[in-house]
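# A look at the structure
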Amino acid sequence: MDSMLGYYQAKSALEWQIELGADEAIGDDALNRYELVREKPKPRIATKPAPKSKPEPVKAVDIDVVGLAKSVAAAAETLDALKQALADFQHCQLKSGARNLVFSDGNPAARLMIIGEAPGRDEDREARPFVGRAGHLLDKMLAAIDLGRNGPDPASAVYITNILPWRPPQDRDPNTAEIAMLRPFMQRHIELVQPDMIVLMGNISCLAMLGRKGITRMRGNWETVQGRPALPMFHPAYLLRSPHAKREAWADLLSLKAKLGE
Ligand code: URA
(Lines give C-alpha, C1' and ligand atoms only; values in the text may rest on other atoms or scores of the structure.)
Protein backbone atom coordinates (compact mmCIF):
# COMPACT_ATOMS: atom_id res chain seq x y z
CA MET A 1 0.00 0.00 0.00
CA ASP A 2 1.22 3.47 -0.84
CA SER A 3 2.86 4.76 2.31
CA MET A 4 1.74 8.28 1.40
CA LEU A 5 -1.90 7.31 1.97
CA GLY A 6 -3.42 8.98 5.00
CA TYR A 7 -5.01 6.89 7.72
CA TYR A 8 -8.61 7.41 6.57
CA GLN A 9 -7.78 6.85 2.89
CA ALA A 10 -5.97 3.61 3.75
CA LYS A 11 -8.92 2.58 5.92
CA SER A 12 -11.53 3.31 3.26
CA ALA A 13 -9.36 1.49 0.64
CA LEU A 14 -9.38 -1.57 2.91
CA GLU A 15 -13.12 -1.27 3.50
CA TRP A 16 -13.65 -1.06 -0.24
CA GLN A 17 -11.67 -4.27 -0.76
CA ILE A 18 -13.74 -6.00 1.92
CA GLU A 19 -16.94 -4.84 0.17
CA LEU A 20 -15.57 -6.39 -3.04
CA GLY A 21 -15.25 -9.71 -1.25
CA ALA A 22 -11.59 -9.77 -0.19
CA ASP A 23 -11.58 -11.58 3.13
CA GLU A 24 -7.96 -12.74 3.50
CA ALA A 25 -4.78 -10.71 3.57
CA ILE A 26 -2.75 -13.00 1.25
CA GLY A 27 -0.92 -12.37 -2.01
CA ASP A 28 -0.74 -14.46 -5.20
CA ASP A 29 2.79 -15.73 -4.43
CA ALA A 30 3.91 -17.47 -1.23
CA LEU A 31 6.40 -15.38 0.73
CA ASN A 32 8.55 -16.84 3.52
CA ARG A 33 8.71 -13.98 5.96
CA TYR A 34 11.05 -15.96 8.32
CA GLU A 35 13.65 -16.02 5.54
CA LEU A 36 13.22 -12.28 5.08
CA VAL A 37 13.92 -11.72 8.77
CA ARG A 38 17.06 -13.90 8.67
CA GLU A 39 18.53 -11.99 5.73
CA LYS A 40 21.34 -9.87 7.06
CA PRO A 41 21.33 -6.24 6.17
CA LYS A 42 23.98 -5.43 3.55
CA PRO A 43 27.03 -3.63 4.99
CA ARG A 44 27.01 -0.01 4.16
CA ILE A 45 29.77 1.25 1.86
CA ALA A 46 31.71 3.89 3.72
CA THR A 47 31.48 7.16 1.91
CA LYS A 48 32.98 10.50 2.64
CA PRO A 49 30.74 12.28 5.11
CA ALA A 50 28.81 15.05 3.45
CA PRO A 51 29.74 18.52 4.66
CA LYS A 52 27.59 19.42 7.63
CA SER A 53 24.98 22.01 6.89
CA LYS A 54 23.14 23.81 9.63
CA PRO A 55 19.63 22.31 10.09
CA GLU A 56 16.87 24.75 9.21
CA PRO A 57 14.86 25.67 12.29
CA VAL A 58 11.39 24.16 11.98
CA LYS A 59 8.82 26.89 12.17
CA ALA A 60 5.50 25.97 13.74
CA VAL A 61 2.76 27.38 11.52
CA ASP A 62 -0.41 27.87 13.49
CA ILE A 63 -3.33 28.11 11.13
CA ASP A 64 -6.48 29.63 12.53
CA VAL A 65 -8.71 27.02 10.91
CA VAL A 66 -11.93 28.42 12.34
CA GLY A 67 -11.02 31.94 11.17
CA LEU A 68 -10.19 30.59 7.74
CA ALA A 69 -13.49 28.69 7.61
CA LYS A 70 -15.32 31.89 8.54
CA SER A 71 -13.67 33.92 5.81
CA VAL A 72 -14.11 31.37 3.02
CA ALA A 73 -17.71 30.69 4.02
CA ALA A 74 -18.51 34.41 4.23
CA ALA A 75 -17.08 34.93 0.73
CA ALA A 76 -19.57 32.46 -0.77
CA GLU A 77 -22.39 34.41 -2.40
CA THR A 78 -24.43 31.43 -3.55
CA LEU A 79 -25.15 27.87 -2.43
CA ASP A 80 -23.04 26.53 -5.29
CA ALA A 81 -20.15 28.74 -4.18
CA LEU A 82 -20.56 27.53 -0.60
CA LYS A 83 -20.52 23.92 -1.75
CA GLN A 84 -17.36 24.64 -3.71
CA ALA A 85 -15.79 26.39 -0.71
CA LEU A 86 -16.40 23.26 1.37
CA ALA A 87 -15.02 21.04 -1.37
CA ASP A 88 -11.86 23.19 -1.45
CA PHE A 89 -11.46 23.32 2.34
CA GLN A 90 -8.46 21.16 3.15
CA HIS A 91 -8.38 21.43 6.95
CA CYS A 92 -10.96 18.86 7.99
CA GLN A 93 -9.59 15.30 8.28
CA LEU A 94 -13.05 13.86 7.68
CA LYS A 95 -12.81 14.80 4.03
CA SER A 96 -10.03 12.33 3.28
CA GLY A 97 -12.01 9.36 4.62
CA ALA A 98 -15.23 10.10 2.75
CA ARG A 99 -16.20 9.20 -0.79
CA ASN A 100 -18.34 12.23 -1.42
CA LEU A 101 -19.20 15.65 -0.17
CA VAL A 102 -22.83 15.54 0.98
CA PHE A 103 -24.13 19.09 0.74
CA SER A 104 -27.91 19.21 0.65
CA ASP A 105 -31.16 18.01 -0.86
CA GLY A 106 -34.62 19.45 -1.35
CA ASN A 107 -35.85 22.87 -2.29
CA PRO A 108 -33.60 25.82 -1.30
CA ALA A 109 -36.66 28.07 -1.43
CA ALA A 110 -38.42 25.97 1.23
CA ARG A 111 -39.67 27.69 4.37
CA LEU A 112 -38.28 24.84 6.47
CA MET A 113 -34.61 23.86 6.72
CA ILE A 114 -33.75 20.57 8.41
CA ILE A 115 -30.26 20.23 9.85
CA GLY A 116 -29.14 16.66 10.49
CA GLU A 117 -25.91 15.33 11.91
CA ALA A 118 -23.72 13.55 9.37
CA PRO A 119 -23.91 11.38 6.30
CA GLY A 120 -23.84 7.62 6.83
CA ARG A 121 -22.81 4.93 4.38
CA ASP A 122 -25.76 5.39 1.99
CA GLU A 123 -25.51 9.17 1.99
CA ASP A 124 -21.75 8.98 1.39
CA ARG A 125 -22.36 6.72 -1.62
CA GLU A 126 -25.15 8.81 -3.13
CA ALA A 127 -23.84 12.25 -2.12
CA ARG A 128 -27.32 13.13 -0.78
CA PRO A 129 -28.39 13.57 2.83
CA PHE A 130 -30.92 11.26 4.51
CA VAL A 131 -31.28 8.56 1.87
CA GLY A 132 -30.78 5.50 4.12
CA ARG A 133 -33.20 3.99 6.66
CA ALA A 134 -33.27 7.10 8.81
CA GLY A 135 -33.91 9.15 5.68
CA HIS A 136 -36.88 7.00 4.70
CA LEU A 137 -38.36 7.47 8.14
CA LEU A 138 -37.74 11.21 7.88
CA ASP A 139 -39.60 11.30 4.55
CA LYS A 140 -42.55 9.48 6.16
CA MET A 141 -42.56 11.86 9.13
CA LEU A 142 -42.59 14.85 6.79
CA ALA A 143 -45.29 13.36 4.59
CA ALA A 144 -47.47 12.96 7.70
CA ILE A 145 -47.60 16.76 7.97
CA ASP A 146 -47.82 17.31 4.20
CA LEU A 147 -44.18 18.22 3.68
CA GLY A 148 -41.69 16.68 1.27
CA ARG A 149 -38.21 17.32 -0.03
CA ASN A 150 -39.32 17.28 -3.66
CA GLY A 151 -42.12 19.78 -3.39
CA PRO A 152 -41.81 22.73 -5.78
CA ASP A 153 -44.02 24.87 -3.52
CA PRO A 154 -41.85 26.49 -0.78
CA ALA A 155 -44.74 26.15 1.71
CA SER A 156 -44.80 22.35 1.51
CA ALA A 157 -41.16 21.77 0.60
CA VAL A 158 -38.17 21.17 2.84
CA TYR A 159 -34.47 21.80 2.42
CA ILE A 160 -32.19 19.25 4.10
CA THR A 161 -28.54 19.40 5.09
CA ASN A 162 -26.15 18.12 7.77
CA ILE A 163 -23.67 19.66 10.20
CA LEU A 164 -20.96 17.41 8.74
CA PRO A 165 -20.70 17.29 4.96
CA TRP A 166 -18.44 14.22 5.12
CA ARG A 167 -19.11 10.80 6.63
CA PRO A 168 -16.97 10.33 9.73
CA PRO A 169 -14.96 7.11 10.13
CA GLN A 170 -17.06 4.38 11.73
CA ASP A 171 -19.86 6.94 11.93
CA ARG A 172 -18.32 8.38 15.07
CA ASP A 173 -19.47 11.68 16.54
CA PRO A 174 -17.57 14.77 15.42
CA ASN A 175 -15.10 16.24 17.89
CA THR A 176 -15.17 19.83 19.17
CA ALA A 177 -12.57 21.03 16.66
CA GLU A 178 -14.50 19.57 13.72
CA ILE A 179 -17.75 21.16 14.87
CA ALA A 180 -15.99 24.50 15.37
CA MET A 181 -14.49 24.52 11.87
CA LEU A 182 -17.71 23.40 10.15
CA ARG A 183 -20.07 25.72 12.05
CA PRO A 184 -19.20 28.82 9.97
CA PHE A 185 -20.18 26.92 6.83
CA MET A 186 -23.55 26.01 8.38
CA GLN A 187 -24.10 29.60 9.54
CA ARG A 188 -23.47 30.83 6.01
CA HIS A 189 -25.69 28.04 4.67
CA ILE A 190 -28.56 29.35 6.80
CA GLU A 191 -27.89 32.94 5.69
CA LEU A 192 -28.03 31.92 2.04
CA VAL A 193 -31.16 29.75 2.32
CA GLN A 194 -32.97 32.16 4.65
CA PRO A 195 -35.50 29.63 5.90
CA ASP A 196 -38.46 30.78 8.00
CA MET A 197 -37.72 28.03 10.51
CA ILE A 198 -35.27 25.27 11.27
CA VAL A 199 -35.45 21.75 12.67
CA LEU A 200 -32.37 20.55 14.55
CA MET A 201 -32.31 16.77 14.24
CA GLY A 202 -30.52 15.19 17.19
CA ASN A 203 -27.79 16.10 19.64
CA ILE A 204 -24.95 16.99 17.26
CA SER A 205 -27.08 19.58 15.46
CA CYS A 206 -28.16 21.07 18.82
CA LEU A 207 -24.57 21.16 20.03
CA ALA A 208 -23.34 22.82 16.84
CA MET A 209 -26.10 25.43 16.54
CA LEU A 210 -27.19 26.01 20.16
CA GLY A 211 -23.98 25.15 21.99
CA ARG A 212 -25.59 22.46 24.14
CA LYS A 213 -27.05 19.00 23.90
CA GLY A 214 -29.48 16.84 25.81
CA ILE A 215 -32.10 16.13 23.17
CA THR A 216 -34.45 14.32 25.55
CA ARG A 217 -34.92 17.54 27.51
CA MET A 218 -34.53 19.93 24.58
CA ARG A 219 -36.86 18.35 22.06
CA GLY A 220 -40.16 20.06 21.49
CA ASN A 221 -38.98 23.40 22.92
CA TRP A 222 -38.62 26.10 20.32
CA GLU A 223 -35.25 27.89 20.35
CA THR A 224 -33.75 30.62 18.20
CA VAL A 225 -30.95 30.11 15.68
CA GLN A 226 -29.72 33.18 13.81
CA GLY A 227 -32.96 34.97 14.53
CA ARG A 228 -35.18 32.12 13.35
CA PRO A 229 -37.34 29.71 15.31
CA ALA A 230 -35.57 26.36 15.61
CA LEU A 231 -37.09 23.14 16.92
CA PRO A 232 -34.86 20.41 18.39
CA MET A 233 -36.29 16.98 17.56
CA PHE A 234 -35.35 13.36 18.09
CA HIS A 235 -33.21 12.13 15.22
CA PRO A 236 -35.02 9.56 13.02
CA ALA A 237 -32.11 7.13 13.55
CA TYR A 238 -32.91 7.30 17.28
CA LEU A 239 -36.61 6.72 16.54
CA LEU A 240 -35.68 3.57 14.60
CA ARG A 241 -33.87 2.27 17.68
CA SER A 242 -36.45 3.54 20.18
CA PRO A 243 -39.91 3.37 18.58
CA HIS A 244 -41.54 4.36 21.91
CA ALA A 245 -40.18 7.90 21.32
CA LYS A 246 -42.31 8.27 18.17
CA ARG A 247 -45.09 9.66 20.34
CA GLU A 248 -42.97 12.69 21.27
CA ALA A 249 -41.78 12.99 17.67
CA TRP A 250 -45.39 13.17 16.53
CA ALA A 251 -46.11 15.93 19.05
CA ASP A 252 -43.10 17.86 17.68
CA LEU A 253 -44.28 17.40 14.09
CA LEU A 254 -47.66 18.86 15.04
CA SER A 255 -45.93 21.80 16.71
CA LEU A 256 -43.92 22.31 13.52
CA LYS A 257 -47.06 22.18 11.37
CA ALA A 258 -48.75 24.72 13.63
CA LYS A 259 -45.75 27.07 13.41
CA LEU A 260 -45.72 26.78 9.61
CA GLY A 261 -49.39 27.72 9.60
CA GLU A 262 -48.94 30.87 11.72
N1 URA B 1 -28.32 10.92 9.60
C2 URA B 1 -28.09 12.25 9.46
O3 URA B 1 -28.06 12.99 10.43
N4 URA B 1 -27.92 12.72 8.24
C5 URA B 1 -27.96 11.96 7.15
O6 URA B 1 -27.78 12.48 6.06
C7 URA B 1 -28.20 10.60 7.33
C8 URA B 1 -28.39 10.09 8.56
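The shown structure was predicted, so the numbers you read here are calculated from the model rather than taken from an experiment. (Residues numbered from 1 in each chain as written. Predicted model: local features only at pLDDT ≥ 70, side-chain atom pairs only at ≥ 80, totals over all residues. Heavy atoms only, no water.)

Burial analysis of helix α9 (residues 203-210) places 6 of its 8 residues in the buried class, the great majority of the element. Here α9 has its buried residues at Ile-204, Ser-205, Cys-206, Ala-208, Met-209 and Leu-210. Summarising the contacts, the buried residues of α9 are in contact with β2 (112-116), α8 (176-193), β4 (197-201), α10 (215-218), β5 (223-225) and β6 (228-233). Positioned one or two residues after α9, Gly-211 has a phi angle of 80 degrees, which is positive. (Buried < 20%, exposed > 50% of the residue type's maximum accessible area, 1.4 Å probe, protein only. Helix = DSSP H or I, 4+ residues; strand = E, 2+ residues; numbered from the N terminus. Contact = heavy atoms within 4.5 Å.)

The subject of this paragraph is the nonpolar core. Ile-114, Phe-185 and Leu-200 are the most contacted members of the largest nonpolar core, which totals 63 residues. Sort the elements by how many residues they give to this core and α8 lands first, with 7 residues. Leaving out residues up to four positions away in the same chain, Phe-185 has contacts with Ala-69, Val-72, Ala-73, Leu-82, Ala-85, Leu-86 and Phe-89. (Core = buried A, V, L, I, M, F, W, Y, C linked by side-chain atoms within 4.5 Å.)

Let us look at unusual backbone geometry. At Asp-146, a residue that is not glycine, the phi angle is positive and equals roughly 60 degrees. Its relative accessible area of 55% is what places Asp-146 among the exposed residues.

So, about the site of the ligand. Around the ligand, a shell composed of Gly-116, Glu-117, Ala-118, Glu-123, Pro-129, Phe-130, Asn-162 and His-235 is seen. Between the ligand and Glu-117 there is a distance of 2.7 Å, counted from an oxygen atom to a backbone nitrogen or oxygen. His-235 has a polar side-chain atom sitting 2.7 Å from an oxygen atom of the ligand. Considered on its own, the ligand offers 240 Å² of accessible surface; in the complex 91% of this is hidden by protein. Broken down by class, the residue content of the shell around the ligand amounts to 3 nonpolar, 3 polar and 2 charged. (Near = heavy atom within 4 Å. Polar contact = N/O pair within 3.5 Å; in protein donor to acceptor, adjacent residues only side chain to side chain. Areas by Shrake-Rupley, 256 points an atom, 1.4 Å probe, with all protein chains shown as cover. Nonpolar A, V, L, I, M, F, W, Y, C, P; charged D, E, K, R; others polar.)

This part covers the pairing of β6. In terms of burial, β6 is largely enclosed, as 5 of its 6 residues are buried. Relative to β6, β4 is paired through 4 bridges, and the arrangement is parallel. Across the sheet, Met-201 pairs through a bridge with Met-233, a residue of β6. Strand direction decides the pairing type here: β5 and β6, joined by 3 bridges, are antiparallel. Its bridge partner being in β6, Val-225 is matched across the sheet by Arg-228. (Pairing = 2+ DSSP bridges.)

Examined against the element boundaries, His-189 turns out to sit in helix α8. On the basis of relative accessible area, His-189 is assigned to the buried category, the value being 3%. At 2.8 Å, the side chain of His-189 forms a polar contact with the side chain of Tyr-159. Apart from the residues lying within four places of it in its own chain, the contact partners of His-189 are Leu-79, Leu-82, Phe-103, Ser-104, Met-113, Tyr-159 and Thr-161.

Counting across every chain of the model gives 2 aromatic pairs. With a centroid separation of 5.1 Å and 70 degrees between ring planes, the pair formed by Phe-89 and Phe-185 is classed as edge-to-face. Of the two residues, Phe-89 is situated in the loop between α4 (79-88) and α5 (94-97) and Phe-185 in helix α8; the sequence distance between them amounts to 96 residues. For the ring pair Phe-234 and Tyr-238, a centre distance of 4.8 Å and an interplane angle of 40 degrees mean the geometry is tilted. (Phe/Tyr/Trp six-rings, centres within 6.5 Å; stacked < 30°, edge-to-face > 60°.)

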